[in-house]
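Chain and residue survey
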Amino acid sequence: MVVSSPAMAADGLVYNIKISSVGPANVTGSDLIYEPETMGLAMKLHYIRGIYYFGSQAFEGLSTLVIKEPMFTWLNKYPQVCGRFRRTETGRAYLKCNDCGVRFVEAKCDKTLDEWLEMKDATLEKLLVRDQALGPELGFSPLVYIQLTKFKCGGTAVGLSWSHVLGDAFSAAEFMNMLGRAVAGYDLGQPTSLAHSRTKVTTPNGPEKVGDDPLSIKRVGPVGDHWVNVTKCKMEAFSFNVTPTQLSHLQSKLSPNGTQFGAFEALSAVIWQCIAKIREWDSNVVTICKGSEESKTCDGTLSNSQVVSVVNANFQILDSNPSELALLVQNGALDEREKIEEAMERDGGLPDFIVYGAKLTFVNLEDARFYAFEYRGQRPVNISYRIEGVGEEGTILVLPGPKGDDGGRSVMAILPENEIEELKLELKREGLMA
Amino acid sequence: MAEIVPKFSSSVKLKYVKLGYQYLVNHIFTFFLIPIMLGVLLEVLRLGPEEILLFWNSLYFDLVQVLCSSFLLIIIATVYFMSKARSIYLVDFSCCKPPVTCRVPFSKFMEHSRLIHKGNTKSIDFQMRILERSGLGEETCVPPAMHYIPPTPTTGAARDEAEAVIFSAIDSLMEKTGIRPKNIDILIVNCSVFSPTPSLSAMVVNKYKLRSNIKSFNLSGMGCSAGLISIDLARDLLQVHHNSYALVISTEILTSPNYYKGSERAMLLPNCLFRMGAAAILLSNKWRDSARAKYKLLHVVRTHKGADDKAYRCVYEQEDNEGKVGINLSKDLMVIAGEALKSNITTIGPLVLPASEQLLFLFTLIGRKMFNPKWKPYIPDFKQAFEHFCIHAGGRAVIDELQKNLQLSAEHVEASRMTLHRFGNTSSSSLWYEMSYIEAKGRMKKGDRVWQIAFGSGFKCNSAVWKCNRTIKTPTDGPWQDCIDRYPVHIPEIVKL
């Protein structure tokens with residue numbers, strides 16, 4: 001159900017909210033169902049929030065009806081996105097592809113796009129994207145919201161609220177890219193196949209080998225039909241950009257003897273150490289998420305096929321050389337996907353997990369094709385992605401840098417609010433933040 | 001005898017007896033003429049050729065007599081042709097196919113309903129039950145303003161909807177008929193609920209730059225049967241203005257600031273069933289259209305039961321207990337509709353039924369009055385008078401009721417049911433979607449007679465009878481173009497949502 005944030009009403013910054021629905025043009029019929037992958041069910045308490053900022057040319061002179069029109073052909077390709085959840089007799093959740101559609105929100109903002117981006121306020125970004133979650137009425141909760149906020153100068157922010165059960169951030173990015181193709185008039189081809197790319201892990205017959213839960217998950221709940229992760233403390237987000245110069249400086253600092261570390265590994269290592277400094281407990285185990293071969297397909301298939309692995313540092317983080325951490329992140333990650341799937345299937349797909357934030361999580365979205373979303377030939381001038389429903393250990397997303405700054409990176413940190421200021425100080429000390 | 005007759009009707013023997021009776025009575029003049037012709041022929045043959053020549057020469061042709069007789073014939077012919085009612089032709093008609101962006105599947109309707117009627121579970125459940133049993137499909141359309149949560153029915157949005165559906169229908173009609181806007185002499189627009197200033201007919205005049213001496217009319221508030229009222233009006237006008245074209249637009253605009261926002265169940269019903277649609281019809285009394293026209297108008301019969309209080313209040317716009325305005329449908333609707341239909345049939349029967357049916361009806365009527373009032377009234381078999389039936393797709397109940405009353409087969413009501421499924425209840429334009437269905441299926445042959453029946457608030461029952469002027473070839477362009485192959489579909493009693 002929609003949870004409207006109090007900030008929205010109080011500020012009046014984003015106003016004139018109009019809500020409608022957009023569905024597929026073709027009739028799907030009454031028999032199509034989609035069973036989410038096991039990994040999807042493990043991710044069901046997480047939600048991806050993505051914002052694409054476009055200059056005034058992209059949506060210039062377009063009425064709402066004209067904007068909505070290609071969305072109908074676009075959604076033909078994704079019957080599962082337009083469906084709603086139901087439960088089987090055993091309680092396992094599945095999607096009935098009933099053409100109900102995605103929610104479409106229109107809003108206005110009296111600031112210009114440049115003024116907004118100047119503010120660099122990650123909390124205000126919540127106004128540009130709906131704070132959607134599934135439940136408590138699961139059968140009537142849309143899985144995706146699209147918000148179009150028009151700025152005073154004509155620039156537009158496209159806000160995507162995406163349920164992680166459908167797919168990871170790579171899939172969400174491709175979902176939006178497909179909209180760009182629909183607007184450009186390309187034929188999108190057949191609806192995406194609802195078969196799974198990874199074969200479902202079935203529990204073996206005989207005495208169940210009840211192993212320990214994988215390190216990367218945390219059992220929560222039971223949440224019932226309201227799929228939100230309630231944390232003890234409030235989670236806040238902030239983001240900062242890392243210029244190519246800063247990045248190469250960091251990389252060279254980490255590898256004096258020549259072994260080059262990628263941007264993600266370098267940033268993760270440094271931020272890991274910074275967080276360890278401000279936390280009283282040891283964050284020896286961190287979760288690393290990055291794209292797999294399957295998650296990078298461009299044919300529009302939605303899946304939760306990113307690699308979820310853990311890294312276990314059996315040495316003191318605070319005293320170690322960041323390059324050791326970087327090396328660990330690069331080479332020492334253990335893929336836990338099968339373990340997660342087993343843990344979920346053991347109980348018939350019913351348990352409630354969180355993955356992001358169960359342990360401190362670093363998500364590598366460098367290769368995600370966010371900037372490939374082209375609306376009428378215009379690419380976004382800026383993007384912002386975050387995750388909702390993150391656990392208390394926090395999550396760091398490493399995103400591609402702002403357009404025009406190729407080689408740089410954008411980092412989104414989602415942490416308990418009391419850690420934010422301290423981390424910012426640490427990052428400044430490291431030279432990552434100005 | 002009448003009690004025994006229904007029992008025997010099912011037997012095959014009596015069926016043939018009835019057939020024989022029908023042939024005899026309907027072609028009675030032929031049966032009388034044949035013996036007379038035979039008699040004359042025999043007499044002529046008997047007389048022989050010479051006697052015939054003698055007989056011919058003995059005839060005396062006086063010039064004055066000949067002239068007077070021929071003048072008399074000419075006068076009689078002239079009087080006949082002058083006083084005969086002009087033939088009204090339907091050149092062509094066109095229905096608007098709403099864009100796919102307006103589609104409202106059941107799931108979307110229900111989800112929006114839940115959000116709009118938050119907390120009012122009774123209203124929500126009621127709407128769901130109605131939708132499940134409605135006979136509507138998943139492709140019906142609702143105007144863009146009604147897709148919002150809550151709906152935003154402003155006057156501007158209503159005008160937008162009107163422009164979208166009406167202009168789409170007119171554009172496609174002009175393309176089909178090749179008519180130019182300046183040739184339109186009469187314009188009639190009927191739309192019951194939405195009646196802005198200036199009127200919708202003025203909107204059409206403005207858009208298409210129609211002539212300044214056009215005879216334009218705008219009928220509002222007349223309900224779902226207004227389409228046939230417009231046809232009747234056009235017919236009457238075409239009797240007075242010769243050599244003219246009349247453009248009739250039938251539509252219902254759903255975007256209305258008077259859209260019902262309350263929770264009274266009898267008033268929520270229209271929201272569930274009414275959908276977007278419009279039809280444009282070109283009528284002509286020009287002689288040269290008699291070749292290219294699709295149909296010829298034979299009869300229009302209008303029945304108004306408004307004198308009866310119950311019928312008058314049957315479909316009534318009023319405020320509910322909370323002061324919200326909506327259209328209240330009374331529980332007696334089907335009964336009143338049945339009575340209105342009976343009235344209408346009683347008037348139209350003598351105009352269209354073959355002599356055999358009329359005699360049977362007369363005999364049973366006399367029998368009931370004079371001999372035994374317990375005799376069942378004879379329901380004439382209208383299937384003998386018409387090949388096609390277009391019953392206003394007001395709802396599943398209406399079609400079921402008419403099918404039962406007129407003893408129609410499933411194929412006869414197929415056009416109505418399928419129109420209800422694909423387009424919903426589009427009010428006055430639904431009859432034209434049904435005609436379009438029959439044409440698209442290739443069932444419309446030259447000489448076929450079509451009966452259009454519409455019901456509407458008032459309470460009115462109006463009928464129109466058309467005769468097909470030329471066989472309509474498939475594939476036809478029209479609203480059914482892309483989906484006719486999927487029809488007919490089986491419509492379950494209850495659709496599980």
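Residues numbered from 1 in each chain as written. Chains lettered and ligands numbered in written order. Predicted model: local features only at pLDDT ≥ 70, side-chain atom pairs only at ≥ 80, totals over all residues. Heavy atoms only, no water.

1. Here's the deal with the side chain of B:Glu111
One can find B:Glu111 in helix α6 (residues 106-116). When its relative accessible area of 1% is taken as the criterion, B:Glu111 is described as buried. For B:Glu111, the residues in contact, after removing those within four places along its chain, are A:Arg84, A:Cys100, A:Arg103, A:Gly139, A:Phe140, A:Ser141 and A:Pro142. (Helix = DSSP H or I, 4+ residues; strand = E, 2+ residues; numbered from the N terminus. Buried < 20%, exposed > 50% of the residue type's maximum accessible area, 1.4 Å probe, protein only. Contact = heavy atoms within 4.5 Å.)

2. Some points on the packing of helix α14 (residues 333-352) of chain B against helix α16 (residues 396-405) of chain B
Residues and elements named next belong to chain B. In contact at an axis separation of 11 Å, α14 and α16 are set at 45° when each is read in the N-to-C sense. Classified by the interaxial angle, the pair formed by α14 and α16 is oblique. Judged by the twist between their axes, the crossing of α14 over α16 is right-handed. Between α14, through Met334, Gly338 and Leu341, and α16, the contact on the second element is made entirely by Ala397, Val398, Glu401, Leu402 and Asn405. Split by residue class, the contact of α14 with α16 holds five nonpolar, two polar and one charged. (Axes fitted to C-alpha atoms, helices over the stretch in contact; angles between N-to-C directions. Parallel < 35°, antiparallel > 145°, perpendicular 65-115°, else oblique. Left-handed = near helix turned anticlockwise from the far one by under 90°. Nonpolar A, V, L, I, M, F, W, Y, C, P; charged D, E, K, R; others polar.)

3. Some words on α14(B)
Residues and elements named next belong to chain B. Taking 1.5 Å per residue as the helical rise, α14 with its 20 residues ought to reach 28 Å, and the 27 Å between its terminal C-alpha atoms agrees with that figure. When the local axis directions of α14 are compared, the greatest deviation, roughly 30°, occurs at Thr346, which is followed within four positions by the proline Pro350. Buried within α14 are the following residues: Ile336, Ala337, Gly338, Ala340, Leu341, Asn344, Ile345, Ile348, Gly349 and Val352. Where α14 is buried, its residues meet β6 (295-304), α13 (309-312), α15 (355-370), α16, β10 (449-456) and β11 (460-468). (Expected span 1.5 Å × (residues − 1). Bend = angle between axes of the 7 residues up to and from the residue.)

4. Section: the domain arrangement of chain A
Residue and element names in this part refer to chain A. Here chain A is described as being made up of domain 1 (3-183) and domain 2 (210-429). Each of domain 1 and domain 2 has a C-alpha centre, and the two are 23 Å apart. On the domain 2 side, the residues contacting the 69 residues of domain 1 number 66 residues. Carbon and sulfur atoms make up 59% of the area that domain 1 and domain 2 hide from each other, which totals about 5,700 Å². When the buried surface of domain 1 facing domain 2 is broken down by residue, Met39, Leu45 and Phe170 rank first, second and third, together holding 15% of it. The interface formed by domain 1 and domain 2 includes six salt bridges. The partner of Glu174 in a salt bridge is Arg369, and the shortest N-O contact between them spans 2.7 Å. Elements that contribute at least two residues to the side of domain 1 that touches domain 2 include exactly α2 (38-42), β3 (47-54), β4 (84-87), α4 (113-119), β8 (156-163) and α5 (169-183). Considering every element that reaches the side of domain 1 that touches domain 2, the biggest residue donor is α5, with 13 residues. The residue makeup of the side of domain 1 that touches domain 2, split by class, is 41 nonpolar, 16 polar and 12 charged. (Domains from an automatic or database assignment. Buried area = accessible area lost by both parts, 1.4 Å probe. Salt bridge = Lys/Arg side-chain N within 4 Å of Asp/Glu carboxyl O.)

5. Focus on the pattern of salt bridges
Taken as a whole and judged by the stated rule, the model has 43 salt bridges over all chains. B:Arg302 serves as the salt-bridge partner of B:Asp232, at 2.8 Å between the closest nitrogen and oxygen. Highlighted residues: B:Asp232 in helix α10 (residues 226-240) and B:Arg302 in strand β6, separated in sequence by 70 residues. Relative accessible area serves as the criterion here: at 43%, B:Arg302 is assigned to the partly exposed category. Salt bridges sharing common partners tie together A:Lys253, A:Lys277, A:Glu426, A:Arg429 and A:Glu430.

6. Brief notes about the sheet that holds strand β2 (residues 33-34) of chain A
The sheet built from three strands is open, its strands ordered β2-β5-β4 (chain A) with antiparallel pairing. Both edges of this open sheet fall to β2 and β4 of chain A, since each of them pairs with a single strand only. (Pairing = 2+ DSSP bridges.)

7. A closer look at the interface of chain A and chain B
The interface is formed by 28 residues belonging to chain A together with 18 residues belonging to chain B. Summing both partners gives a buried area of about 1,800 Å² for chain A against chain B, and 57% of it is carried by carbon and sulfur. It is A:Val27, A:Phe72 and A:Phe140 that lose the most area in chain A upon contact with chain B, and together they represent 27% of the buried surface on that side. Put simply, chain A and chain B have four salt bridges between them. In this structure, B:Glu111 and A:Arg84 form a salt bridge, with 2.7 Å as the shortest nitrogen-oxygen distance. The tally of links between chain A and chain B comes to 13 residue pairs in polar contact (both at pLDDT 80 or more). If you list the elements that add at least two residues to the side of chain A that touches chain B, you get β1 (14-22), α3 (64-76) and β6 (102-109) of chain A. Grouping the constituent residues of the side of chain A that touches chain B by class yields 11 nonpolar, eight polar and nine charged. (Polar contact = N/O pair within 3.5 Å; in protein donor to acceptor, adjacent residues only side chain to side chain.)

8. Side note on the pairing of strand β15 (residues 360-364) of chain A
Residues and elements named next belong to chain A. Taking burial as the measure, the five residues of β15 include five buried ones, the bulk of the element. In β15, alternate side chains face the same way, and those of Leu360, Phe362 and Asn364 on one face and Thr361 and Val363 on the other are all buried. Across five bridges, the pairing between strand β11 (residues 285-290) and β15 is parallel. Bridge assignment links Val286 to a residue of β15, and that residue is Leu360. Strand direction decides the pairing type here: β15 and strand β17 (residues 395-400), joined by four bridges, are parallel. Bridge assignment links Thr361 to a residue of β17, and that residue is Thr395.

9. Section: the packing of aromatic side chains
Under the counting rule described, the total for this entry stands at 30 aromatic pairs over all chains. Ring geometry for A:Phe238 against A:Phe240: centres 6.1 Å apart, planes inclined by 25°, an arrangement best described as stacked. Exposure remark for A:Phe240: the relative accessible area of 6% places this residue in the buried category. Relative to B:Tyr316, the ring of B:Tyr312 has its centre 5.7 Å away and its plane inclined at 80°; by these criteria the two rings are edge-to-face. By relative accessible area, which is 21% here, B:Tyr316 ends up partly exposed. Through pairs of rings, three or more aromatic residues link up here, namely A:Tyr52, A:Phe54, A:Phe59, A:Phe370, A:Phe373, A:Tyr375 and A:Tyr385. A cation over a ring is seen here: A:Lys424 above A:Phe238, with NZ or CZ 5.2 Å from the ring centre. The ring of B:Tyr316 has B:Arg313 lying over it, and the distance from NZ or CZ to the ring centre is 4.3 Å. (Phe/Tyr/Trp six-rings, centres within 6.5 Å; stacked < 30°, edge-to-face > 60°. Lys NZ or Arg CZ within 6 Å of the ring centre and 35° of its normal.)

10. Topic: the UniProt feature "active site" (unreviewed entry) in chain B
Residues and elements named next belong to chain B. This chain's UniProt record puts "active site" (unreviewed entry) on Cys224, His304, His388, His392, His421 and Asn425. Spatially, the listed residues are scattered: they cover 202 residues, and their C-alpha atoms lie as much as 28.6 Å apart. In this structure the side chain of His388 is engaged in a polar contact, spanning 3.2 Å, whose partner is the backbone oxygen of Arg443. With respect to the element layout, His392 can be found in the loop between β9 (388-391) and α16. We classify His392 as buried; its relative accessible area is 3%. (UniProt positions renumbered as here; feature names shortened; annotations may be inferred.)

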